[in-house]
Structure formats: structure tokens, C-alpha cells
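As a plain string of letters, each chain reads:
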Amino acid sequence: MKRICVFCGARPGNSDIYEVAAMRLGKTLADRKLDLVYGGGKVGLMGTVADAVLNNGGSVIGVMPQALVDKEIQHTALTELHVVSSMFERKAMMAKLADGFIAMPGGFGTIDEYVEMLTWTQLGFHDKPSGLLNVNGFFDKMLAFFEHQIQEGFIEPRQRGMLLVESDPEKLLRQMAAFQPPIARWDK
């Protein structure tokens, strides 16, 4: 893996623990010589993780729709900034640029981006790992819902292996490096 896409909040959250985790993830990416691909913002956890990568000598590639650039929330010190026309184009470009995906705490957009990349793996559209950096148990209830979906027969049990979850960025990146995607099946 050379580039990791991070999905996370455009807000910092209500606890400093989230910003600390974003700084730690950014430093870990830079230390491991992994480029950051992300939404291009200077605000919230997005800005924090980007600043941490940059402050530790790493490379950061932002992808942002023109409508958000017009609102002046783009980070102005990035290695690269790709301006696209829509959120759909943003996700497609981020998926193309990255070798793997990490979701940190965030809102609707974060969940949308993470679940779409997970779905693309499930469908065999790509074979890239998608991990959750489960800071302070943030994703525990979502993981319980995924387990409920498995128990109710809407997700195959063998696809549990797609759910890479860790609270430590180093451990999560090791899981991602060892990831083997499930073979997409259409007979069930």
C-alpha cells in the first residue's frame, strides 16, 4: 500500500480524544511513508489528520467538490488538491487514488463513504481493504448492526472478514496490509 484514504468528520467531535486519534493516525501514516488521500478540508478531523501528515513530512492529496471550494473550507497547504464537480466524482476519484480506506469518527458523509467502499469490495469492484479506526468505541453500535444484518441473512457470514476494526492505527494498518478480499458470489 502506498496511499490510504481517510474518511472522517468535518467537525472535531465533542471530545479531544478524536483529535488526538486523528493526529496519531496522521503521524503514523507519515512515519510509514503512506500518502494521505482525503476530502481536502481544513476543518474538523479532516484538517487535523491532514495537518498531522504534513507536519510529519508526509504527502497529502485532497479531493474536493467545487461547491465546497467556493465555501473556502479547502486546506491550502496540501501536496495536491483535485477539484471535482460533485460528491459522486469525489468518491470515485478517492477510490481510484487510494490503495485502502480508513474511517474515523464522523457524520453521515463518513459513514456513506466507508460503506460504499466496503460495498465495492463485497461486489468485487475492487479488492482494497476498508478499516474502521474505532476510537473510544465510536463504531461499536454500527458493528452490532452489521452483525444483526449477518444474523438476519442480509450479509454472508464469510464477509465478516471485510470488517477490519482496531483502535490503534498501527494495528489497523497491519490488518489492512494482510487483507484478503472475499470472492464475490451471486448465487445466494
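Residues numbered from 1 in each chain as written. Predicted model: local features only at pLDDT ≥ 70, side-chain atom pairs only at ≥ 80, totals over all residues. Heavy atoms only, no water.

Caption draft 1: Examining the overall build of the protein more closely. Regarding its fold elements, the protein presents seven helices and seven strands. When the helices and strands of the protein are listed from N to C terminus, the series reads β-α-β-α-β-α-β-α-β-α-β-α-β-α. Its C-alpha atoms give the protein a radius of gyration of 16 Å, near enough to 16 Å, the size a compact globule of 188 residues would have. Across its three principal directions, the C-alpha atoms of the protein cover 50 × 35 × 30 Å. Expressed as a percentage of its 188 residues, the buried residues of the protein come to 46%. Taken as a whole, the protein presents about 9,500 Å² of accessible surface, with 54% of it coming from carbon and sulfur. (Helix = DSSP H or I, 4+ residues; strand = E, 2+ residues; numbered from the N terminus. Rg over C-alpha atoms; globule rule 2.2 N^0.38 Å. Buried < 20%, exposed > 50% of the residue type's maximum accessible area, 1.4 Å probe, protein only. Areas by Shrake-Rupley, 256 points an atom, 1.4 Å probe, with all protein chains shown as cover.)

Caption draft 2: Up close: helix α7 (residues 169-177). Every buried residue of α7 is listed here: P169, L172, L173 and M176. Taken down its axis, α7 places every buried residue within 100° of arc, on the same side. A distance of 3.1 Å separates the backbone nitrogen of E170 from a side-chain oxygen at the start of α7, and that oxygen is part of D168. (Arc of directions from axis to C-beta. Polar contact = N/O pair within 3.5 Å; in protein donor to acceptor, adjacent residues only side chain to side chain.)

Caption draft 3: Examining the packing of aromatic side chains more closely. Under the counting rule described, the total for this entry stands at three aromatic pairs. When the ring of F7 is compared with that of F101, the centres are 5.9 Å apart and the planes differ by 5°; the resulting orientation is stacked. Residue F7 is found in strand β1 (residues 3-7), and its partner F101 is found in strand β5 (residues 100-103); the two are separated by 94 residues along the sequence. Accessibility assignment for this pair places F7 and F101 in one class, buried. Plain terms: the ring middles of F138 and F139 are 5.0 Å apart, the flat faces sit at 90° to each other, and that makes the pair edge-to-face. Ring-pair connections join several aromatic residues into one group, and the members of that group are Y18, F138 and F139. (Phe/Tyr/Trp six-rings, centres within 6.5 Å; stacked < 30°, edge-to-face > 60°.)

Caption draft 4: Representation of the pattern of salt bridges in the model. Applying the stated rule across the entire model yields ten salt bridges. Taking the shortest distance from any N to any O, the salt bridge between R24 and D168 comes out at 2.2 Å. Taken together, the residues span a long stretch of sequence, with R24 in helix α1 (residues 16-31) and D168 in the loop between β7 (164-166) and α7 at a distance of 144 residues. Overall, the relative accessible area of 15% leaves D168 in the buried class. The shortest N-O distance in the salt bridge between K91 and E116 comes to 2.6 Å. (Salt bridge = Lys/Arg side-chain N within 4 Å of Asp/Glu carboxyl O.)

Caption draft 5: Region of the structure containing the packing of α1 against α7. Where α1 contacts α7, the two axes come as close as 9 Å, and the packing angle between them is 50°. With respect to their mutual orientation, α1 and α7 come out oblique. Within the contact between the two elements, α1 uses R24, L25, T28 and L29 and α7 uses P169, E170 and L173. Taken together, the residues of the contact of α1 with α7 break down into four nonpolar, one polar and two charged. (Axes fitted to C-alpha atoms, helices over the stretch in contact; angles between N-to-C directions. Parallel < 35°, antiparallel > 145°, perpendicular 65-115°, else oblique. Contact = heavy atoms within 4.5 Å. Nonpolar A, V, L, I, M, F, W, Y, C, P; charged D, E, K, R; others polar.)

Caption draft 6: Looking closely at the sheet that holds β1. Here seven strands make up an open sheet; going across it, the order is β4-β3-β2-β1-β5-β6-β7 and the pairing parallel. The sheet is open, and its two edges are formed by β4 (80-84) and β7, each paired on a single side. Neighbour to neighbour, the strand axes of the sheet diverge by 25° on average, direction disregarded. Both strand β2 (residues 35-38) and strand β3 (residues 60-65) contribute to a ladder of three bridges, which runs parallel. Counterpart to L36 in the pairing with β3 is V60. (Pairing = 2+ DSSP bridges.)

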